[in-house]
Amino acid sequence: MSGPLLEAEGLVKRFPSGTLAVDGVDLTVNAGETVGLVGESGSGKSTTARLVLRLLRPDAGTVRFAGHDLLRLPERRMRQLRARIQFVPQSPRTSLNPRLRAGESVAFNLRAHGLPVSRVPELLERVGLGAEHAARYPAQLSGGQAQRVAIARALATEPDLVVCDEPVSALDRSVQARVLNLLARLQQETGVAYLFVSHDLAVVEHLCDRALVMREGRVVERGPTRELWRSPRHPYTRSLLAAVRPLTGELP
Ligand SMILES: Nc1ncnc2c1ncn2[C@@H]1O[C@H](COP(=O)(O)OP(=O)(O)OP(=O)(O)O)[C@@H](O)[C@H]1O
Ligand SMILES: [Mg+2]
């Protein structure tokens, strides 16, 4: 395959309420890299994530994934492709089905893609969970443990790309560091790419190769994370950076 793994061009989304949530966003993610999407609340990050996952239809723009025109793909082909582009949503406790035990959540995704459910214990072990966790319902897990289950569920299909929408925002600072380490380690092991949505610039700095800064539905600045953080050009990026809360704990 040549070219980027994910390539979105000119994405526009206006909600029926009239809100122009995404106003001409271009973004690319290459195989194996982590791209951060940052910006304040309401800047259009989650909407952009949902557009590239085809959970929402844009009013304009294209999304190419692994050479496929994602928005034109028939539903049946899209279902197959979903194995390769997975999602870790923001709130682990509510994103997991409350009626499924942790192991069943992971098994559900395996089964959906015709993969053997015998891999559940290995997948849970990979995210640092044991047999005792497999039998628990989301309400019986800590926030960090629930997010590990969501990550195991996403990785079950051996995706090329995982879109993570604020995957650690609901967690304590110390637990955040552990989950970020886990994501970084899993990337080293599997070569998975991440599109990592976050309003937290300290988190993005530690995890992302490149970052895009969104404001009012547009990308106002983009570049390698280190460069962007060292010499932000846009006043908005500067104001975001001025409000950074440092991370604690062992980081990748
Ligand atoms: N389903 C919807 N219907 C109508 N408006 C929506 C919908 N989803 C999002 N919006 C609006 O679109 C804009 C962008 O929202 P979005 O959720 O993409 O922002 P965000 O950057 O993810 O914010 P946050 O950091 O708070 O998660 C906001 O003004 C929001 O109110
Ligand atoms: Mg959001």
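Residues numbered from 1 in each chain as written. Chains lettered and ligands numbered in written order. Predicted model: local features only at pLDDT ≥ 70, side-chain atom pairs only at ≥ 80, totals over all residues. Heavy atoms only, no water.

Draft legend 1. Layout of the overall build of the protein chain. When helices and strands are counted, the protein chain shows 11 helices and 10 strands. Relative to the 2.2 N^0.38 estimate, which gives 18 Å for 252 residues, the radius of gyration of the protein chain is 18 Å and therefore close to what a compact globule would have. The contacts of the protein chain with a sequence gap of at least 6 include a subset with a gap of at least 24, amounting to 68%. Within the structure as shown, the protein chain displays about 11,700 Å² of accessible surface, and the carbon and sulfur contribution to it stands at 47%. Charged side chains in the protein chain number 34 positive and 26 negative. The centres of these two groups are separated by 5 Å. (Helix = DSSP H or I, 4+ residues; strand = E, 2+ residues; numbered from the N terminus. Rg over C-alpha atoms; globule rule 2.2 N^0.38 Å. Contact = heavy atoms within 4.5 Å. Areas by Shrake-Rupley, 256 points an atom, 1.4 Å probe, with all protein chains shown as cover. Lys, Arg positive; Asp, Glu negative; His and termini not counted. Charge placed at Lys NZ, Arg CZ, Asp CG, Glu CD.)

Draft legend 2. Geometry of the site of ligand 1. The local shell around ligand 1 holds 13 residues, among which Ser41, Gly42, Lys45, Ser46 and Thr47 are the closest. Here Gly44 contributes a backbone N or O atom positioned 3.0 Å from an oxygen atom of ligand 1. Residue Thr47 places a side-chain N or O atom 2.6 Å away from an oxygen atom belonging to ligand 1. For ligand 1, whose unbound accessible area comes to 640 Å², protein coverage reaches 63%. Top contributing element to the shell around ligand 1 by residue count: helix α1 (residues 45-52), with 3 residues. Across the shell around ligand 1, the residue classes break down as 2 nonpolar, 8 polar and 3 charged. (Near = heavy atom within 4 Å. Polar contact = N/O pair within 3.5 Å; in protein donor to acceptor, adjacent residues only side chain to side chain. Nonpolar A, V, L, I, M, F, W, Y, C, P; charged D, E, K, R; others polar.)

Draft legend 3. Region of the structure containing the pattern of salt bridges. Applying the stated criterion across every chain yields a total of 9 salt bridges. For the salt bridge of Glu158 with Arg119, the shortest nitrogen-to-oxygen distance reads 3.6 Å. One end of the pair, Glu158, is in the loop between α7 (143-155) and β7 (161-165); the other, Arg119, is in the loop between α4 (102-112) and α5 (120-126), with 39 residues separating them in the sequence. For Arg119, a relative accessible area of 15% corresponds to the buried category. Several salt bridges converge on common partners, so that one network encompasses Arg119, Glu122 and Glu158. (Salt bridge = Lys/Arg side-chain N within 4 Å of Asp/Glu carboxyl O. Buried < 20%, exposed > 50% of the residue type's maximum accessible area, 1.4 Å probe, protein only.)

Draft legend 4. Fine view of the pairing of strand β8 (residues 193-197). Counted residue by residue, β8 has 5 buried out of 5 residues, so it is predominantly covered. Burial along β8 is two-sided: the face carrying Ala193, Leu195 and Val197 and the face carrying Tyr194 and Phe196 are both buried. Across 4 bridges, strand β3 (residues 34-38) lies against β8 in parallel orientation. Each residue of the ladder has a partner; that of Gly36, found in β8, is Phe196. (Pairing = 2+ DSSP bridges.)

Draft legend 5. Expanded view of the sheet that holds strand β5 (residues 68-69). With respect to topology, 4 strands assemble into an open sheet ordered β2-β1-β4-β5, the strand pairing being antiparallel. Of all strands in the sheet, those bounded by a partner on one side alone are β2 (20-29) and β5. Strand direction decides the pairing type here: strand β4 (residues 60-65) and β5, joined by 2 bridges, are antiparallel. Directly across from Arg64, in β5, lies its bridge partner Asp69.

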